[in-house]
Amino acid sequence: MTEVLFYHLQGMSLESVLPPLLEKSLERGWRVVVQSTSPERTEALDAHLWTYSDDSFLPHATWRASDAQDQPVILSIEEGNPNRANVRFLIDNAALPADCDSYERVVLVFNGDDDEALSAARGAWADCKARGFDVTYWQADERGRWRRRQ
């Protein structure tokens, strides 16, 4: 069954949160697709993931790469699964993909300070619950550690 995790960003940027989440996914041996809603955002994330840390390397490519199928992390604006990922991250209000149930885990990261993003996340939550997915809600504590909330 697909597990859907909702990560509520509040006072945090996607650029600070996404790299550690991707690193944890790779440590577990998972392949990942990160779906955004614009080519510009995807290009900015592509540049950021190469430079976010002096002591870390996060192998990735965009969906445009000729060897996308071989990459552990793909940044995309499309619904496809070019690298046979078992985890899909949805950012910038990207909609749940039609093949949502083909993933082990879907991670919806949303900006809690944005009313539109909050509304989209609530709609996705209701949709996921109706489809029978295992749904959890995560929020960072005052130290920036993620905690599962009930």
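Structure: see above.
Note that the structure is a prediction, hence the values are computed from the model and not measured.

### Observations concerning the environment of Arg-145
Part 1 of the argument: Turning to its location among the elements, Arg-145 is positioned in the loop between strand 7 (134-140) and strand 8 (146-149).
Part 2 of the argument: For Arg-145, a relative accessible area of 37% gives the class partly exposed.
Part 3 of the argument: Separated by 44 residues in the primary sequence, Arg-145 and Asp-101 have C-alpha atoms spaced 28 Å apart.
Part 4 of the argument: Contacts of Arg-145, omitting those with residues within four sequence positions, involve Gln-139 and Ala-140.

### Section: the pattern of salt bridges
Part 1 of the argument: Counted by the stated rule, this structure contains five salt bridges.
Part 2 of the argument: Residue Arg-105 is joined to Glu-3 by a salt bridge in which the shortest nitrogen-to-oxygen separation is 2.9 Å. Of this pair, Arg-105 sits in strand 6 (residues 105-111) while Glu-3 sits in strand 1 (residues 3-9), and the two are 102 residues apart along the sequence.
Part 3 of the argument: Under the relative-accessibility criterion, Glu-3 is labelled partly exposed at 23%.
Part 4 of the argument: Taken together, the shared-partner salt bridges connect Glu-15, Arg-41 and Asp-92 into one network.

### What about helix 3 (residues 115-130)?
Part 1 of the argument: Here helix 3 is 16 residues long and its end C-alpha atoms lie 23 Å apart, about the 22 Å a rise of 1.5 Å per residue gives.
Part 2 of the argument: Within the sequence span of helix 3, burial applies to Ala-117, Leu-118, Ala-121, Ala-124 and Cys-128. Down the axis, helix 3 shows its buried residues gathered within 125° of arc, on one side only. Structural note: helix 3 exposes Asp-115, Glu-116, Arg-122 and Ala-130 on the side pointing more than 90 degrees away from its buried face.
Part 3 of the argument: Residues of helix 3 that are buried sit in contact with strand 1, strand 6 and strand 7.
Part 4 of the argument: The N-cap of helix 3, judged by a side-chain oxygen 2.8 Å from the amide nitrogen of Glu-116 a few residues on, is Asp-114.

### A closer look at helix 2 (residues 39-51)
Part 1 of the argument: Over its 13 residues, helix 2 extends 19 Å from the first C-alpha to the last, a length consistent with the 18 Å expected when each residue adds 1.5 Å.
Part 2 of the argument: If you check which residues of helix 2 are buried, you get Thr-42, Leu-45, Asp-46 and Leu-49. End-on view of helix 2: buried residues confined to an arc of 105°, all on one side of the axis. Opposite the buried face of helix 2, by more than 90 degrees, sit the exposed residues Glu-40 and Thr-51.
Part 3 of the argument: Buried residues belonging to helix 2 abut helix 1 (14-27), strand 3 (61-62) and strand 4 (73-76).

Here is what the cut-offs are and how they apply
- Residues numbered from 1 in each chain as written.
- Predicted model: local features only at pLDDT ≥ 70, side-chain atom pairs only at ≥ 80, totals over all residues.
- Heavy atoms only, no water.
- Helix = DSSP H or I, 4+ residues; strand = E, 2+ residues; numbered from the N terminus.
- Buried < 20%, exposed > 50% of the residue type's maximum accessible area, 1.4 Å probe, protein only.
- Contact = heavy atoms within 4.5 Å.
- Salt bridge = Lys/Arg side-chain N within 4 Å of Asp/Glu carboxyl O.
- Expected span 1.5 Å × (residues − 1).
- Arc of directions from axis to C-beta.
- Polar contact = N/O pair within 3.5 Å; in protein donor to acceptor, adjacent residues only side chain to side chain.

That is the geometry; function is a separate question.
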